[in-house]
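Structural overview for review
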Amino acid sequence: MKRAGLIGATYVINNDPSGNSILASNIAKDGTLTFGAVIPAGGTGLHGNNTNPNAGDPLFSQNAIKVVGGYLFTVNSGSNTAVMFRINPENPSDLTMIGQPIKSGGEFPVSVAVSEWGQVCVLNGGAVSNGYFSCFKADPSSGLVPMPNAIRALPLNQTTPASGPPGSASDIIFTSSHKLLVSVKGLSEDQPGYIAEWDVDPATGDLSQDFVKNTISSPGMNPFGMTQIPGRDAILNADPAVGYAIWDLTTVPATSNVIPVPEQMAICWSAYSASTGSFFLMDPAASQVVEVAVDESLQGSTVKQYQLAMGSGPLDGAVGSVAGKDYLYVLSAAMTAIDVFALPSKGSAEPVQTFNVTTAFEQVAPVSSRDLQGMAVYVAA
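The structure contained in this document is the topic of the report that follows. (Residues numbered from 1 in each chain as written. Predicted model: local features only at pLDDT ≥ 70, side-chain atom pairs only at ≥ 80, totals over all residues. Heavy atoms only, no water.)

Some thoughts on the pairing of strand β28 (residues 337-343)
Of all the seven residues making up β28, seven are buried; the element is thus mostly covered by neighbouring parts of the structure. Of the strand pairs in this sheet, strand β27 (residues 325-332) and β28 are connected by seven bridges, and their pairing is antiparallel. When the sheet's bridge partners are listed, Tyr329 is paired in β28 with Val340. Counting the residues that bridge the hairpin from β27 to β28 gives four residues, and of these Thr336 lies at a positive phi of roughly 40°. Relative to strand β29 (residues 350-356), β28 runs antiparallel, the two sharing six bridges. Residue pairing in the sheet places Phe341 in a bridge with Pro351 of β29. Connecting β28 to the antiparallel partner β29 that follows it, the hairpin turn spans six residues, and Gly347 within it adopts a positive phi of roughly 75°. (Buried < 20%, exposed > 50% of the residue type's maximum accessible area, 1.4 Å probe, protein only. Helix = DSSP H or I, 4+ residues; strand = E, 2+ residues; numbered from the N terminus. Pairing = 2+ DSSP bridges.)

Now the structure itself:
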């Protein structure tokens, strides 16, 4: 049954070690959020070995939960599984698991990439013997189905759970030019981070056997969340060491233009708004959201920096188009909240709500500032 006045939902995972759940919040026509539902994800969560034991960002990653079309994909980091759900367009907080959670091909899965041709690749961040990501077919009847010859390795010396953030895997995405990218944080100036690049055949899902290692240029250090630059064979990736980098993927190896952001402290996550043409970068240490523009020559510039409540710790963010208007949804994990911004035009983000996740969900699911992760948005057509 259609829920009157509700046209979409946001999704985060609570990553709880006793049982991982998806926390779905209803989106109203004005972009604001209310309690939706708690959906068991079919496994357990796990917190990484952080250099700061009290810090959030338990998976050291972006895209721990992903929505493409009418389907949702996420990870169970403690169970080493990934899982696929169908979204009910009449009530987007209503999710139905398709098939069963499937082994991720490694340990401590942290991020999910979904292609336009129905291929799903899961990035593992822990100590693994066979590979750091595995790929599956997204089957609308059976769920995630393993693909042949679709496990690849990376030279990471990791633990389970992963230790970091330095030296940990960050994100996995497909690009419009049929590449699969994995970002890896650096360990030191002598061991900077990089983006590993594989070619993908969209007809078969076959991956190139070896990857191209694209090392970030100085003063970059820690490639984190990645976002495709629309219409270009290029991406923007957040880097907590400096701000962000813009990568031109037309060259081999790819080239990076590292762009410092004044007064940034730890920019790690990125999202894109089609209506404004801006990227939004989340900085948990400074409690800021930074709006960035990228021009035709792939040069970046800061449009505006938006101050959130101090100590809010903004992590993952995602943009949804609601009734023809873009809204940015940011998981402010340290305050167990979701900050909602209306995006009427470039440089004019307007805060419209701070939705208290603890108040909304604590009676039905564990909510911990250390464990919350991810942000995905679905809006019914």
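Brief notes about the pattern of salt bridges
Pairs may arise between side chains of opposite charge once their charged atoms sit close together. Using the criterion set out here, one finds one salt bridge in the structure. Between Asp233 and Lys179 there is a salt bridge, with its nearest N and O atoms 3.1 Å apart. In this pair, Asp233 is assigned in the loop between β18 (226-228) and β19 (234-239) and Lys179 in strand β15 (residues 179-184), connecting sequence segments 54 residues apart. On the basis of relative accessible area, Lys179 is assigned to the buried category, the value being 9%. (Salt bridge = Lys/Arg side-chain N within 4 Å of Asp/Glu carboxyl O.)

Comments concerning the sheet that holds strand β1 (residues 6-13)
One open sheet holds the four strands; their spatial order is β3-β2-β1-β30, and the pairing between them is antiparallel. The strands lining the two open edges of the sheet, one partner per strand, are β3 (33-40) and β30 (373-379). Each adjacent strand pair in this sheet contributes to an overall mean axis angle of 25°, direction not counted. Judged from the seven bridges that link them, β1 and strand β2 (residues 21-28) form a sheet pairing that is antiparallel. The residue of β2 that forms the bridge with Val12 is Leu23. (Axes fitted to C-alpha atoms, helices over the stretch in contact; angles between N-to-C directions.)

Concerning the packing of aromatic side chains
This structure, assessed with the given rule, holds seven aromatic pairs. Between Trp198 and Phe211, the ring centres sit 5.1 Å apart and the planes meet at 45°, which makes this aromatic pair tilted. In this pair, Trp198 is assigned in strand β16 (residues 194-199) and Phe211 in the loop between β16 and β17 (212-215), connecting sequence segments 13 residues apart. Judged by relative accessible area, Trp198 falls into the buried class, the value being 0%. Residue classification places Phe211 among the partly exposed positions, given a relative accessible area of 26%. Ring geometry for Tyr306 and Phe341: centres 6.4 Å apart, planes at 55°, overall tilted. Linking Tyr306 in strand β25 (residues 300-307) with Phe341 in strand β28, this pair joins segments that are 35 residues apart in sequence. (Phe/Tyr/Trp six-rings, centres within 6.5 Å; stacked < 30°, edge-to-face > 60°.)

Section: the nonpolar core
With 57 residues, the main nonpolar core has Tyr11, Ile22, Leu72, Phe133, Leu154, Leu180 and Val182 as its most contacted residues. No other element matches strand β7 (residues 81-87), which puts five residues into this core. In contact with Leu180, other than residues within four places in its own chain, are Ala113, Cys121, Phe133, Ile172, Ile173, Phe174, Ala196, Glu197, Trp198, Val200 and Leu207. Of all hydrophobic cores here, the second largest spans 36 residues; its members include Val289, Leu328, Val340 and Met375. (Core = buried A, V, L, I, M, F, W, Y, C linked by side-chain atoms within 4.5 Å. Contact = heavy atoms within 4.5 Å.)

With respect to the side chain of Glu197
Mapped onto the elements, Glu197 comes out in strand β16. A distance of 3.0 Å separates a polar atom in the side chain of Glu197 from a polar atom in the side chain of Asn214. In this structure Glu197 touches Lys179, Leu180, Leu181, Asp210, Phe211, Val212, Asn214, Leu249 and Ala254, once residues within four positions along its chain are discounted. (Polar contact = N/O pair within 3.5 Å; in protein donor to acceptor, adjacent residues only side chain to side chain.)

Focus on the sheet that holds β28
Sheets are built from strands paired through backbone hydrogen bonds, the pairs being either parallel or antiparallel. Read from one edge of the open sheet, four strands run β26-β27-β28-β29, paired in antiparallel fashion. Each end of this open sheet is capped by a strand with a single partner; those strands are β26 (314-322) and β29. Pairs of neighbouring strands in the sheet enclose a mean axial angle of 20°, with direction left out of account. Both β26 and β27 contribute to a ladder of seven bridges, which runs antiparallel.

Points about the state of the cysteines
Summed over all chains, the structure comprises one disulfide. With a sulfur-sulfur separation of 2.0 Å, Cys121 is cross-linked through a disulfide to Cys135. Taking the torsion about the S-S bond as the criterion, the Cys121 to Cys135 disulfide, at about 100°, is right-handed. On the criterion of sequence distance, the pair formed by Cys121 in strand β10 (residues 119-124) and Cys135 in strand β11 (residues 133-139) is long-range, its members being 14 residues apart. For Cys135, a relative accessible area of 2% translates into the label buried. (Disulfide = S-S within 2.5 Å.)

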